Amino acid sequence: MKKYPFIFQRLLPKNTPLNLISQHVDCIYQSSLLLNELLRYYFSNEEISRFIEQISFFERKADTIKNELRQLIRNSLKISFTREDILQFIHIQDNIMDSIEDFAKLLFLNRISFTIDKQVEKLLNSLCDEVVNSIKNYKEMIDTFITGYNYGFAKPIFDLQKKNIEQLDDLEHKIDTLSLDLGKIAFSFKDRYNAIDIIHFNNLIILLSKIPNSISRLTDKILDFMNY
Amino acid sequence: MMIYLIIIPLFLTILVCIFNGAKDGIFLLLPIFSNESTFIKYKNNKFIFLLPLIGEIVGATFLGEIVLRKIQYGFINTYSLSFNQLYICAIVILTVTLIIFFISSFLPFPISLSHTMIGGLIGAGLFFKLDIFFKNLISTTIVWTITPIFSLISGLILYKVILNFSLKNKKVLKITKITAIIYILSLYIFFLLIFLSKSKLAFYILLSFFSLLFLLFINRILFKKSQNINYSSNENDNLKIEYQKTEHIFSDLSLLILPNVFISHGANDVANSISLLSLLFLSLFKNKIYGNLNLYLLLIFSVILSLSIILNGSKKAEKISKDICKIESSKIFTSYYSLATSAILFSFFGYRISSVYTLTGSYIGIGYARGFSIFNSRLLFTLLISWFITFVISILLSYILFYITKFSGVFLWLSKI
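Residues numbered from 1 in each chain as written. Chains lettered and ligands numbered in written order. Predicted model: local features only at pLDDT ≥ 70, side-chain atom pairs only at ≥ 80, totals over all residues. Heavy atoms only, no water.

1. With respect to the overall build of chain A
Stage number 1. In terms of regular secondary structure, chain A is built from 8 helices and 1 strand.
Stage number 2. Starting at the N terminus and ending at the C terminus, chain A contains elements arranged as α-α-α-α-β-α-α-α-α.
Stage number 3. The principal-axis extent of the C-alpha atoms belonging to chain A is close to 70 × 50 × 25 Å.
Stage number 4. Across the 228 residues of chain A, 56% fall into the buried class.
Stage number 5. Contacts in chain A between residues far apart in sequence, at least 24 positions, make up 84% of those at least 6 positions apart.
Stage number 6. When the accessible surface of chain A is summed, it comes to about 10700 Å², and 49% of that surface belongs to carbon and sulfur atoms.
Stage number 7. Averaging the positions of the 29 positive and the 31 negative side-chain charges in chain A gives two centres separated by 7 Å. (Helix = DSSP H or I, 4+ residues; strand = E, 2+ residues; numbered from the N terminus. Buried < 20%, exposed > 50% of the residue type's maximum accessible area, 1.4 Å probe, protein only. Contact = heavy atoms within 4.5 Å. Areas by Shrake-Rupley, 256 points an atom, 1.4 Å probe, with all protein chains shown as cover. Lys, Arg positive; Asp, Glu negative; His and termini not counted. Charge placed at Lys NZ, Arg CZ, Asp CG, Glu CD.)

Okay, structure coming up:
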């Protein structure tokens, strides 16, 4: 005979949209922590396949969470935010995960034939650091958002979130400047090095600099949620 | 009739108490078990296990008789039943209750003891062609329908009050400490006023008990450094710590009002379980026992029921708590507050309500106040249908069992011994 779920399991499901969003961010954060080491291994011409595997693992996990969220909001349960907003939010957040995965895969696909200048390497590393920082700050923002939700988005939470957004905006600006510098350097090599290598290098920078843009869109959405 | 035959309804009543305790214990303790900080306090301090026990005993002993009399004499004319008929009634209705308890584990909705018991009594009334007091029946069914809605509204309002007056404040921790005292005092005063109008002894017992709990709480929030949580340099973390400390206050509050929840439960469910046994005992031992027989029975069975809640209900609640979302202490407090006030108010007027339906109603109310990011609002409708189905099934089942009992010759056999 079929055993039905206990009434409380139906009333308050274990997974909530906010929990799933937080779990999804956690996957992004975990994979971003691998980026610095991945670059270090790449520059020292060492094997990077294990990083790709780890990042792919987090990407798959994030995809499962995204599907779970879709399934959850498809059920006829009452949700505090509009379904469309949540779907859009998770879609943008998933783009960050995809960018990280694409970045790692791009590194794996092609080894640049020219020797990268130490200054360029340093710039690329600091770009990577700032991206990881912005993901970390974004994760904190999501945690504060969830805490805030449980306390009706009190004024101190609002103020703190605004501060977090300012910090993220600063980081975005920094990343933009760094990526522009790196882009300029890349194209300055066009007469000396292989064009494919230059495009490849430029794509790496574009992928990383996409992340803070997505985060910026997400922070706007978070503010919308808080005002909803 | 042989007196030793009383052992069968006695045994069935004990079983009903045990099953009811195990079933209701899950619902009543589940919120606590879903929240880690409240659960740790509950688990680590064995003294806290006394809270449901004391609440259940006080509620059943001092307020249970109102509900008991309503069930015994309020729905059918039990005065016109002979002892043998009463005996059959007790066995059939208690058996129906146990059968429905068993079936309920395979149904997608909970079963309420009062709906089953009153359904069984109506079945008896129909079978023995007794007077059925429709006025009381209609008012009770109205109460069954409005209590989840009442607790939904009270849960919604109370959560909004807590949110706006405590949690949303700039100085959240300081303000919560002050408002917490107001919340707990208002509930204690409400309960004391209810008991003052019923029994002075109960009033004094509760006054001393609540005073003790209140002083412990004051000592904890004002004078003790109860939480070893230190502030850090990160503003995000500090904000979380501030709210964590606020949550600790609400988890203390939730445990403090646990006796109130069980006072209401005891007043309702113990009276319900023993209503038929008490009628039999009254017929057998009237004027043979010193004092109020109902009071003795309520006291004994409240201990059985509360032990079942603590021993059986808590185990299952712990298991199920892993499959539901974490409920914040402020929401646990709101739901308990709403349940305790609704249940005690209706019990005061002699109406039997379902704790499970009331608690569910209050959670839906909190959900509507945007307390939960996701919840099942349709459950309230499911619950309304479920009480109707339970009620109708118990009428039919008891009628069929009475029919079988009559034609199998049990009535004849009873009249001979």
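Once the structure has been displayed, the description carries forward.
2. Section: the overall build of chain B
Stage number 1. Scanning chain B for helices and strands turns up 15 helices and 1 strand.
Stage number 2. Compactness check: chain B gives a C-alpha radius of gyration of 22 Å against a globular reference of 22 Å for 417 residues, within 12% of the reference.
Stage number 3. Seen through its C-alpha atoms, chain B measures out along the principal axes to roughly 85 × 45 × 35 Å.
Stage number 4. Relative to its full complement of 417 residues, chain B shows a buried share of 61%. (Rg over C-alpha atoms; globule rule 2.2 N^0.38 Å.)

3. Thoughts on unusual backbone geometry
Residue and element names in this part refer to chain B.
Stage number 1. A positive phi is found at Lys129, a non-glycine position, where the angle reads about 55°.
Stage number 2. Secondary-structure assignment places Lys129 in the loop between α5 (113-127) and α6 (134-167).
Stage number 3. Positive phi is not limited to glycine here, since Arg370 has a value of about 65°.
Stage number 4. Assignment of secondary structure puts Arg370 in the loop between α13 (355-368) and β1 (374-375).

4. Structural notes on the packing of α13(B) against helix α14 (residues 379-407) of chain B
Residues and elements named next belong to chain B.
Stage number 1. Running from N to C, α13 and α14 cross one another at 165°; their axes reach a closest spacing of 10 Å. The pairing of α13 with α14 is recorded here as roughly antiparallel in orientation. Helix-helix and strand crossings are classified by hand; for α13 and α14 the assignment is left-handed. Along its contact with α13, which presents Tyr357, Thr360, Gly361 and Ile364, the element α14 presents Leu379, Leu380, Leu383, Ser386, Trp387 and Thr390.
Stage number 2. Class assignment for the residues of the contact of α13 with α14 results in 6 nonpolar, 4 polar and no charged. (Axes fitted to C-alpha atoms, helices over the stretch in contact; angles between N-to-C directions. Parallel < 35°, antiparallel > 145°, perpendicular 65-115°, else oblique. Left-handed = near helix turned anticlockwise from the far one by under 90°. Nonpolar A, V, L, I, M, F, W, Y, C, P; charged D, E, K, R; others polar.)

5. Side note on the interface of chain B and chain A
Stage number 1. Across the boundary between the two partners, chain B contributes 46 residues, which contact 42 residues of chain A.
Stage number 2. For the pair chain B and chain A, the two sides together bury roughly 4300 Å², of which 64% comes from carbon and sulfur.
Stage number 3. Contact with chain A buries area across many residues of chain B, yet B:Arg370, B:Ser373 and B:Ile374 alone supply 18% of it, more than any other trio.
Stage number 4. The interface formed by chain B and chain A holds 0 salt bridges in total. (Buried area = accessible area lost by both parts, 1.4 Å probe. Salt bridge = Lys/Arg side-chain N within 4 Å of Asp/Glu carboxyl O.)

6. Describing the nonpolar core
Stage number 1. By size, the foremost hydrophobic cluster in this structure holds 221 residues, and its most contacted members are A:Phe8 and B:Phe195.
Stage number 2. Dropping the residues within four chain positions of it, A:Phe8 is found in contact with B:Phe27, B:Leu30, B:Ile324, B:Leu359 and B:Tyr363.
Stage number 3. Among the nonpolar cores identified, the runner-up in size contains 5 residues, and B:Val143, B:Ala343, B:Tyr351 and B:Ile353 belong to it. (Core = buried A, V, L, I, M, F, W, Y, C linked by side-chain atoms within 4.5 Å.)

7. Focus: the packing of α6(B) against helix α7 (residues 172-196) of chain B
All names here are of chain B.
Stage number 1. It is at 8 Å that the axes of α6 and α7 come closest, and there the two elements cross at 135°. If you check the angle between α6 and α7, you find them oblique. Here Val161, Ile162, Phe165, Ser166 and Leu167 of α6 lie close against α7, whose contacting residues are Val172, Ile175, Thr176, Thr179 and Tyr183.

8. A look at the side chain of A:Lys66
All names here are of chain A.
Stage number 1. For Lys66, the location among the structural elements is in helix α4 (residues 49-74).
Stage number 2. Here Lys66 falls in the buried class, since its relative accessible area comes to 13%.
Stage number 3. Of note is the side chain of Lys66, whose polar atom sits 2.9 Å from the side chain of Asp94. (Polar contact = N/O pair within 3.5 Å; in protein donor to acceptor, adjacent residues only side chain to side chain.)

9. Overview of the packing of aromatic side chains
The relative placement of two aromatic rings is captured by the distance of their centres and the angle of their planes.
Stage number 1. Enumeration over the complete set of coordinates arrives at 30 aromatic pairs over all chains.
Stage number 2. Here the aromatic rings of B:Phe250 and B:Phe333 are separated by 5.8 Å at their centres, their planes lie at 50°, and the arrangement is tilted. One end of the pair, B:Phe250, is in helix α9 (residues 235-256); the other, B:Phe333, is in helix α12 (residues 329-348), with 83 residues separating them in the sequence.
Stage number 3. Their ring planes at 75° and their centres at 5.2 Å tell us that B:Phe348 and B:Phe349 sit as a pair that is edge-to-face.
Stage number 4. Grouped by ring-pair contacts, the aromatic residues A:Phe81, A:Phe89, A:Phe145, A:Tyr149, A:Phe153 and A:Phe225 constitute a single cluster. (Phe/Tyr/Trp six-rings, centres within 6.5 Å; stacked < 30°, edge-to-face > 60°.)

10. Details of helix α3 (residues 50-73) of chain B
Stage number 1. In this model α3(B) runs 33 Å from its N-terminal to its C-terminal C-alpha over 24 residues, within 8% of the 34 Å that 1.5 Å per residue would give.
Stage number 2. A large share of α3(B) lies buried, amounting to 18 of its 24 residues. (Expected span 1.5 Å × (residues − 1).)

11. A closer look at the confidence of the model for chain B
Stage number 1. Mean pLDDT over chain B: 84, with 94% of residues reaching 70 or higher.
Stage number 2. Interface confidence for the predicted complex, given as ipTM, is 0.79, next to a pTM of 0.85. (pLDDT = per-residue confidence, 0-100.)

12. Things to note about a nonpolar patch on the surface
Stage number 1. On the surface, a nonpolar cluster with roughly 460 Å² of combined accessible area is contributed by B:Phe381, B:Ile385, B:Phe388, B:Ile389 and B:Ile393.
Stage number 2. Its location among the elements puts B:Ile385 in helix α14. (Patch = residues over 30% accessible without salt bridge, like charges linked within 9 Å, V, L, I, M, F, W, Y side chains within 5 Å.)

13. Some points on the environment of B:Ser314
All names here are of chain B.
Stage number 1. Its location among the elements puts Ser314 in helix α11 (residues 293-320).
Stage number 2. The sequence separation of Ser314 and Phe33 amounts to 281 residues, and the corresponding C-alpha distance is 8.3 Å.
Stage number 3. Contacts of Ser314, omitting those with residues within four sequence positions, involve Leu29, Phe33 and Ile309.

14. Overview of the pattern of salt bridges
Residues and elements named next belong to chain A.
Stage number 1. By the definition in use, this model includes 12 salt bridges over all chains.
Stage number 2. A salt bridge links Asp26 to Lys139; the nearest nitrogen and oxygen atoms lie 3.7 Å apart. One end of the pair, Asp26, is in helix α2 (residues 17-32); the other, Lys139, is in helix α6 (residues 118-150), and 113 residues separate them in sequence.
Stage number 3. Owing to a relative accessible area of 30%, Asp26 belongs among the partly exposed residues under this scheme.
Stage number 4. The salt bridge partner of Lys66 is Asp63, with a shortest N-O separation of 3.7 Å.

15. Let's talk about the environment of A:Tyr42
Stage number 1. By the secondary structure assignment, A:Tyr42 is in helix α3 (residues 35-43).
Stage number 2. Each residue touching A:Tyr42, except ones within four places of it in the same chain, is listed here: A:Ile48, A:Leu107, A:Asn110, A:Arg111, A:Ile112 and A:His200.

16. Some points on helix α8 (residues 200-223) of chain B
All names here are of chain B.
Stage number 1. Between its terminal C-alpha atoms α8 stretches 33 Å, which fits the 34 Å expected from 24 residues at 1.5 Å a residue.
Stage number 2. Of the positions making up α8, those classed as buried are Ala202, Phe203, Leu206, Phe209, Phe210, Leu213, Phe214, Phe217, Ile218 and Ile221.
Stage number 3. Buried residues in α8 make contact with α3, α7, α9 and α10 (258-285).
Stage number 4. The N-capping residue of α8, defined by a side-chain oxygen 3.4 Å from the backbone nitrogen of Leu201, is Ser199.

17. Some details on the confidence of the model for chain A
Stage number 1. Taken residue by residue, chain A gives an average pLDDT of 86. The fraction at 70 or more is 96%.
Stage number 2. The element-level mean pLDDT for chain A is lowest in helix α1 (residues 7-11) of chain A, coming to 77, with α2(A) highest at 93.

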